Amino acid sequence: MHRFLFHLRLRSRLGQSFLFIMHGNHHVSPRDRYRNLMPAVVSVPLAIGLYYLYCTIMGPLFGRPFFLGFLCGYVLYDGWHYATHQYCFSNRILKSVQRHHLQHHYYDPDRNYGVTCPWMDRIFGTICKITRKR
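Model, not experiment: these values are computed from the prediction.

**Student:** It is not clear to me how the overall build of the protein chain should be interpreted in this structure. Could you clarify?
**Tutor:** For the protein chain, the helix and strand inventory stands at five helices and zero strands. Considered along the principal axes of its C-alpha atoms, the protein chain spans approximately 50 × 40 × 30 Å. When each of the 134 residues of the protein chain is scored for burial, the buried share is 31%. Long-range contacts, defined as pairs at least 24 residues apart, comprise 40% of the intrachain contacts of the protein chain with a sequence gap of at least 6. Total accessible area computed for the protein chain in this model is approximately 9,300 Å², and 65% of it derives from carbon and sulfur atoms. Mean positive and mean negative side-chain charge positions of the protein chain (17 and 5 charges, respectively) differ by 3 Å.

**Student:** Help me understand helix 3 (residues 40-86), please; the structure alone is not making it clear to me.
**Tutor:** End to end, helix 3 covers just 20 Å across 47 residues, shorter than the expected 69 Å (1.5 Å per residue, more than 12% under). Helix geometry: helix 3 is bent most strongly at glycine 59, by close to 135°, with proline proline 60 lying one to four residues after it.

**Student:** Is there a simple way to think about the packing of helix 2 (residues 13-28) against helix 3 in this case?
**Tutor:** Axis angle and axis distance: for two packed helices, these are the angle between their axes and the distance between the axes, and together they describe the pair. Helix 3 packs onto helix 2 with a crossing angle of 35° between their chain directions and a minimal axis gap of 12 Å. Between helix 2 and helix 3, the residues in contact are Phe18, Ile21, Met22 and His26 and Val41, Val42, His81 and His85, respectively. Looking at side-chain class alone, the contact of helix 2 with helix 3 contains five nonpolar, three polar and no charged residues.

Definitions and cut-offs
Residues numbered from 1 in each chain as written. Predicted model: local features only at pLDDT ≥ 70, side-chain atom pairs only at ≥ 80, totals over all residues. Heavy atoms only, no water. Helix = DSSP H or I, 4+ residues; strand = E, 2+ residues; numbered from the N terminus. Buried < 20%, exposed > 50% of the residue type's maximum accessible area, 1.4 Å probe, protein only. Contact = heavy atoms within 4.5 Å. Areas by Shrake-Rupley, 256 points an atom, 1.4 Å probe, with all protein chains shown as cover. Lys, Arg positive; Asp, Glu negative; His and termini not counted. Charge placed at Lys NZ, Arg CZ, Asp CG, Glu CD. Expected span 1.5 Å × (residues − 1). Bend = angle between axes of the 7 residues up to and from the residue. Axes fitted to C-alpha atoms, helices over the stretch in contact; angles between N-to-C directions. Nonpolar A, V, L, I, M, F, W, Y, C, P; charged D, E, K, R; others polar.

In structure tokens, the structure reads:
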């Protein structure tokens with residue numbers, strides 16, 4: 001989702017503005033604690049739409065728990081994303097995952113899309129090869 005939705009190249013002014021509100025402003029100020037989470041103006045309507053989509057496709061019996069699982073997973077993902085920008089980790093593994101994501105912001109915004117799964121960038125060939133420091 002990060003690679004294909006948040007970094008989508010749109011031509012229309014409206015589309016570009018929406019993407020900037022949704023994700024672009026986060027790249028302008030990656031350490032700003034108020035820009036590290038999806039804005040409510042985007043996430044609430046999106047969540048409502050997904051809820052109704054899942055319930056329509058799967059029926060309420062399966063759609064509601066599926067939505068709840070998706071929502072819990074997204075909250076964990078967004079919490080980790082927030083932490084990668086706001087905290088300094090001493091644990092070697094957490095620090096490595098954090099470094100991987102921050103390279104996306106400070107070295108190459110077209111690489112290292114995997115916030116929680118750096119290995120996905122190896123699979124998709126989007127790993128950042130740092131040649132210099134900024």
